[in-house]
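# Coordinate analysis (summary)
Each chain, letter by letter, is given below.
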Amino acid sequence: MKKTEAELLEHQWDVENMEVDPEVLAKYVRYDVDEERSVATITFDRPERLNAIPVAAFERVGDLVREAETDDRVKVIVFKGEGEHFGTGADAAELGHYIGYRTGTDKASRRRPAQRQRILPDRNVLSSGFTRPIIESLKATICQVQGYCYGGHFQIALSADIVIASPDARFTHPAFRYLGPAPQDMYHWIEKVGLTTMKDVMLTMRAIGAEEGERKGLVTKVVERDELQRWVDDYADAIAVMPLDSLMMGKSMMQVVMEARGKGLGAMTGWVGHGWATNVSFDEGDWNFLKERREKGIAQALADRDRLVAPYFRLSDARSREE
C-alpha cells in the first residue's frame, strides 16, 4: 500500500509533537459529495481552534481535491469552515516540529534541523501535496470565507478560482509574524493582489480586509454573512450547468497560460525559500516566535506580538483596531 507523506517523513519531523492519526485528520477535514448538484465539499471542522489543522491534514486536503478531480459526479469543489472562521492555517503548536525541531533539552534535541528536513515537508506536503492540486485542479474551486483566512487557508484562497467572502473576512499569512517577509508562492501573490499590496502585507504583516481584497482581485464577491452560503451555492449551481468536458478543457487552457506567466517558478519560491527562512538568525532584541512560544505558550506569545504594532497591523480580532 502506498505510504502517505506523513508516514514517509515520520523519522525526519518531530512526530511526537504532531497529529498524524488518519482518523483524527479525517475528523478535522471532512469530505462530502452532493451528486445531485455535482458539488464536492471539503469542510474544516475544528472551530474550537479557529479551524487550525495539523500539518499532516494539509496532505489530506490535497488528496481530497485529487479524488474530486477524478470523480465524474463532481464539477465544483467548495472549501468551507465550521464556526466563526474559515481557518487559521496550520496548528501553531506544530510549527517548527514539522521541520524537525524537538522539545528536549539535550544536545541532539537542540540541534538545528538539516536543510533536507526542511525541504521535503515544504515541498511534498505544503506545496506539491497541498496547494498544487488546488491550483491545477481541472474542476472549479470555490472558497467560502468568513472571519480569519490565515496561513494555509489563505493559500487555499490564493489558489482557488472563486472566493466569496463575508465583510469580516481577513486574509494574510502569519508566517510573516514568525519569520518576517518569508517566501511564499510569489506568483499567486502578485497575480491576485499585485506587487505593491504584496510588499505592503509582507513587510508590515497586516491582514487584507474583504473589501480591499475585492478591489485588488483576491476576492470575487463580498456578501453579508447570512447570505454567504446562498451565494456560494448559486455560484456552484451556475458552474455545474456547464458540461464536464467543457469545464475541464477550459481549466486546462487556463493552466497553459498560467505556466507561461510563471506559475511553476513562482510555486518553487515557496518551498525552496521556506527552508532558508526557517533558518533565520535572531539578534538580541528580535522577537523570536519559537522562543516566545516555548516560554509563554502560543496564545500569550501571539498576543504579545500583536501589541508591538498599531491596531491596524494586528492579526487578532478586528475589534482590536478600535483600542
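Throughout this description, residue numbers start from 1 for each chain and increase along the sequence as written. Given that the model is predicted, a residue must reach a pLDDT of at least 70 before its local features are reported, and side-chain atom pairs must reach 80 or more before they are shown or counted; all residues, however, enter totals for whole chains, interfaces and linings. Calculated side-chain values reflect all of the structure's heavy atoms, with hydrogen atoms and water omitted.

### Some words on the side chain of Gln146
Test applied: The way it works is that DSSP assigns letters per residue, a run of H or I at least four long becomes a helix, a run of E at least two long becomes a strand, and they are numbered from the N terminus. Throughout, exposure labels follow a simple rule: accessible area from a 1.4 Å probe, protein chains only, divided by the maximum for the residue type, with under 20% read as buried, over 50% as exposed, and the rest as partly exposed. Pairs of N or O atoms within 3.5 Å make up the polar contacts considered here, provided that, within protein, one atom can donate a hydrogen while the other can accept it, and that residues adjacent in sequence are counted only when both atoms are side-chain atoms.
Its location among the elements puts Gln146 in the loop between β4 (140-145) and β5 (148-150). The class of Gln146 is buried, set by a relative accessible area of 5%. A polar contact is formed between the side chain of Gln146 and the backbone oxygen of Gly83, at a distance of 3.0 Å.

### Quick look at the pairing of strand β1 (residues 29-34)
Short version of the rule: At least two DSSP bridges between two strands are needed for those strands to be called paired.
Sheet analysis places β1 next to strand β2 (residues 39-44), joined by six bridges and oriented antiparallel. Of the residues in β2, the one forming a bridge with Asp34 is Val39.

### Overview of a nonpolar patch on the surface
Heads up, the rule is: Within this analysis, patches are made of residues with over 30% relative accessible area and no salt bridge. Like charges are joined at 9 Å or less; nonpolar side chains (Val, Leu, Ile, Met, Phe, Trp, Tyr) at 5 Å or less. All accessibility values rest on the Shrake-Rupley procedure with a 1.4 Å probe; residue burial counts only the protein chains present in the view. Any carboxyl oxygen of Asp or Glu that lies within 4 Å of a side-chain nitrogen of Lys or Arg is treated as forming a salt bridge with it.
A contiguous nonpolar patch, built from Met253, Val256 and Val257 and spanning about 300 Å² of accessible area, is present on the exposed surface. Inspection of the secondary structure assignment puts Val256 in helix α13 (residues 244-260).

### Notes on the packing of helix α9 (residues 186-193) against helix α10 (residues 195-204)
Counted only if it meets this: What counts as an axis is a line fitted to C-alpha atoms, over the stretch in contact for a helix, and the angles between N-to-C directions run from 0 to 180 degrees. Contacts are residue-level and defined by heavy atoms, with any inter-residue pair within 4.5 Å sufficient.
For the pair α9 and α10, the least separation of the axes is 7 Å and the interaxial angle reads 115°. Packed against α9, whose contacting residues are Met186, Trp189, Ile190 and Val193, the element α10 presents Leu195, Thr197, Met198, Val201 and Met202 at the interface.

### Digging into the pairing of β2
Put simply, the rule reads: When the strands point away from the viewer and the path from the first strand over the helix to the second turns clockwise, the crossover is right-handed.
For β2, the tally of buried residues reaches six of six residues, placing the bulk of the element in the interior. Here β2 shows no split at all, with Val39, Thr41 and Thr43 on one side and Ala40, Ile42 and Phe44 on the other all buried. Counted along the chain from β1 to the antiparallel partner β2, the turn is four residues long, and its residue Ser38 has a positive phi close to 65°. In this fold, the crossover linking β2 to strand β3 (residues 76-81) by way of helix α3 (residues 55-69) has right-handed handedness.

### Some words on the sheet that holds strand β8 (residues 208-209)
Ordered by their spatial adjacency, three strands build an open sheet running β5-β7-β8, and the pairing between neighbours is mixed. Each edge of the open sheet carries a strand with a single partner, namely β5 and β8.

### Quick word on the sheet that holds β2
Strand order across the open sheet formed by six strands is β1-β2-β3-β4-β6-β9, with mixed pairing between neighbours. Edge positions in the sheet fall to β1 and β9 (221-222), since each of these pairs with one other strand and no more. With four bridges connecting them, β3 and β4 associate as parallel partners. Within the sheet, the bridge partner assigned to Ile77 lies in β4 and is Thr141. Most of the contacts of α3 go to β1, to which it runs at about 10°, and overall it touches β1, β2 and β3. This element, helix α12 (residues 228-240), spans β2, β3, β4, β6 (162-165) and β9 of the sheet and lies at about 175° to β4.

### Examining unusual backbone geometry
Positioned with a positive phi, Ser38 is a non-glycine residue whose angle comes to about 65°. Along the polypeptide, Ser38 turns up in the loop between β1 and β2. Here Ser38 falls in the buried class, since its relative accessible area comes to 14%.

Take it as geometry only, folks, not as evidence of what the structure does.
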